[in-house]
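Structural overview for review
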Amino acid sequence: MSDVVKHRLALHLSCSSLRQTALLATASLLLTLAAPSIADEGPITWQPALQIASGEAHVGPWRMNESDFRYVDDPTVALHQDGTAAVLWVDQAQQDVFFQAIDRNGEPQHDEPTNVSRSGDTFSWLPRLVIAGDDPDTLYVLWQEIIFSGGSHGGDILFARSQDGGMTFSEPLNLSRSREGAGKGRLTEQRWDNGSLDLAEGPDGTIWAAWTAYEGDLYISHSQDGGNTFAQPQPVARDDARPARAPSLAVDDEGRVHLAWSVGEDPAANIHYTLSDSSGAILAEPAVVATSRGHSDAPSLAVDANGTLHLAYAEAADGPGQPSRLYYTRADHGERFATPRPLVEEQSEDAAGHGYPSIAVAGSHVHLTWERFPDPRQRPRGLGIMHSWDSGETFSSPSIVPESVVDIGFNGNLQGLLTRKLAVNHNGDIAVVNSTFQPDEASHAWLIRGRYER
């Protein structure tokens, strides 16, 4: 493919790191999934995939908020303890974020999806969702709004909450109010992922939000009044030459805030990490988790009830955009991270196909999903998954999330692959979301449930 064609595709799809090949597929078949039978994966029983949204699959030229984009995309999920899945997605035709709660039997809990962002004049992308720890009817949502404020790139970070289980949401708050292109995770001048942001809640109810900007800064802010107001964003890292990207947050039972991220403009980027107390005061200055010659990217953090911090990320030995493998490490309470280890043997057929992981924990169980790249030159197809039943000591063999692969087409997330597609609860429920895209045919957002006996 010529550089001119690559550049045009990148512009059409807002220059996501893998977007240059998003329109290669020319399929004209209707979307089909594997046969909807229940599958078993060791102790996990999977249910058939449930369609939560559908739309066209049209991507016109990039013309800022006047772009003709008509597709559904960007799902994310959180789980209630009763198994109800709280799901967000984006309808690009309406340029808004939508919410629906779906019970364990697959029944929607609201007559119609709730419009969270309510900003049809500007695109809303790649949300994050948290269920409040002390009130299952309280939901927190963070997303990237493509507001152009006169800077080099458009983007701000918006927040809204619901106190009635998602029936209604508060008026969105703009947390960034920036001209730097907030929410963009830059790899190079021409390649970035939108959705470079994260959201978490502490045990005392403090809400934490982190995001990066195209210009290179990493910011963090917090709310101590349930999301009514947020503190002035504080810079955690600033380096125009090596811009921060892909932040991941986790808060432990003591209220300590763990934050990991990668950097762009560096073919040998490493994962960085810092620790703050419940007030935001730095307890551990930013430092590299581990040094390697490869490009380490897209960290995902989770902390368990024992205070053990679990970290997964992808590393491409030959630099960004090249085949990558998943790495995993953990840090016991107050200790350093162990030496990261690959989760798939280098000789495996799957070794070249892992990227953009999501990690989640419940008790001693660690669950991990990722984007599958059967061909690293093209967009991902389907999601991989593996599990640890012993706090990360060992992991199961990698497998494919049932019904996450379509016959023709690819995973969505056309505006960026920095997502959170996995949620678990302490009752053995697993929820995975994915979007699928067939150019000029159909786009879908899916919820796939699993359950294991504790």
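Residues numbered from 1 in each chain as written. Predicted model: local features only at pLDDT ≥ 70, side-chain atom pairs only at ≥ 80, totals over all residues. Heavy atoms only, no water.

Brief notes about the overall build of the chain
When you go through the chain residue by residue, the secondary structure sums to one helix and 35 strands. For the chain, the proportion of its 454 residues judged to be buried stands at 61%. If you take every contact in the chain between residues at least 6 apart in sequence, the share linking residues at least 24 apart comes to 55%. Accessible area for the chain stands at about 17500 Å²; split by element, carbon and sulfur atoms hold 46% of it. (Helix = DSSP H or I, 4+ residues; strand = E, 2+ residues; numbered from the N terminus. Buried < 20%, exposed > 50% of the residue type's maximum accessible area, 1.4 Å probe, protein only. Contact = heavy atoms within 4.5 Å. Areas by Shrake-Rupley, 256 points an atom, 1.4 Å probe, with all protein chains shown as cover.)

So, the side chain of Thr436
Structurally, Thr436 is set in strand β34 (residues 429–438). A relative accessible area of 3% places Thr436 in the buried class. Polar side-chain contacts of Thr436 include one of 3.0 Å to the side chain of Trp446. (Polar contact = N/O pair within 3.5 Å; in protein donor to acceptor, adjacent residues only side chain to side chain.)

Brief notes about the layout of surface pockets
One number sums up the size of the second largest pocket: a volume of about 400 Å³. As for the second largest pocket, its lining consists of 19 residues, of which Tyr273, Ala284, Glu335, Arg336 and Phe337 are closest to the centre. For the lining of the second largest pocket, the elements supplying multiple residues, two or more each, are β22 (272–276) and β23 (282–288). The greatest single-element share of the lining of the second largest pocket, amounting to four residues, is contributed by β23. When its residues are assigned to classes, the lining of the second largest pocket shows nine nonpolar, five polar and five charged. (1 Å grid on protein atoms, 1.4 Å probe; cavity = no way out; pocket = protein on both sides within 12 Å on 5 of 7 lines; lining within 4 Å. Points joined across faces, edges and corners; volume = space filled by probe spheres on them. Nonpolar A, V, L, I, M, F, W, Y, C, P; charged D, E, K, R; others polar.)

Structural notes on the sheet that holds strand β16 (residues 197–201)
Strand order in the open sheet formed by four strands is β16-β17-β18-β19, with antiparallel pairing between adjacent strands. Both outer strands of the open sheet, β16 and β19 (234–237), are each paired with one neighbouring strand and no more. Recorded for the sheet is a direction-independent mean angle of 25° between the axes of neighbouring strands. Bridging between strand β17 (residues 207–212) and strand β18 (residues 218–223) involves six bridges; their strand directions are antiparallel. Within β18, the position partnered with Thr212 by the bridge is Leu218. (Pairing = 2+ DSSP bridges. Axes fitted to C-alpha atoms, helices over the stretch in contact; angles between N-to-C directions.)

Considerations on the sheet that holds strand β8 (residues 96–102)
Sheet architecture is open: four strands sit in the order β6-β7-β8-β9, paired in antiparallel fashion. Strands at the two margins of the open sheet, each flanked by one partner only, are β6 (72–79) and β9 (114–115).

Quick word on the packing of aromatic side chains
Inspection of every chain in the model, using the stated rule, returns 18 aromatic pairs. Ring centres of Phe69 and Phe123 lie 5.3 Å apart, and the angle between their planes is 35°; on these two criteria the pair is classed as tilted. Here Phe123 lies in the loop between β9 and β10 (124–131) and Phe69 lies in strand β5 (residues 69–70), a separation of 54 residues in the sequence. In this structure an aromatic cluster arises from ring pairing among Trp62, Phe69, Tyr71, Phe123, Trp125, Phe410 and Phe437. (Phe/Tyr/Trp six-rings, centres within 6.5 Å; stacked < 30°, edge-to-face > 60°.)

Observations regarding the pattern of salt bridges
Tallying each qualifying case throughout the model produces 17 salt bridges. Two residues, Arg238 and Asp217, come together in a salt bridge whose shortest N-O distance is 3.0 Å. One end of the pair, Arg238, is in the loop between β19 and β20 (244–251); the other, Asp217, is in the loop between β17 and β18, and 21 residues separate them in sequence. A relative accessible area of 6% places Asp217 in the buried class. The salt bridge partner of Arg242 is Asp266, with a shortest N-O separation of 2.9 Å. Taken together, the positions of Arg242 in the loop between β19 and β20 and Asp266 in the loop between β21 (257–263) and β22 put the pair 24 residues apart, joining distant regions of the chain. Within this structure, Glu56, Asp68 and Arg70 form a network of salt bridges that share partners. (Salt bridge = Lys/Arg side-chain N within 4 Å of Asp/Glu carboxyl O.)

Observations regarding the nonpolar core
Leu88, Phe99, Val116, Leu129, Val141, Trp143 and Phe169 are the most contacted members of the largest nonpolar core, which totals 16 residues. Breaking this core down by element, the ones donating at least two residues are β7 (85–91), β8, β10, β11 (139–145) and β12 (156–162). If we skip the residues at most four places from it in the chain, Val141 touches Leu88, Val116, Pro127, Arg128, Leu129, Leu158, Phe159, Ala160, Phe169 and Leu199. (Core = buried A, V, L, I, M, F, W, Y, C linked by side-chain atoms within 4.5 Å.)

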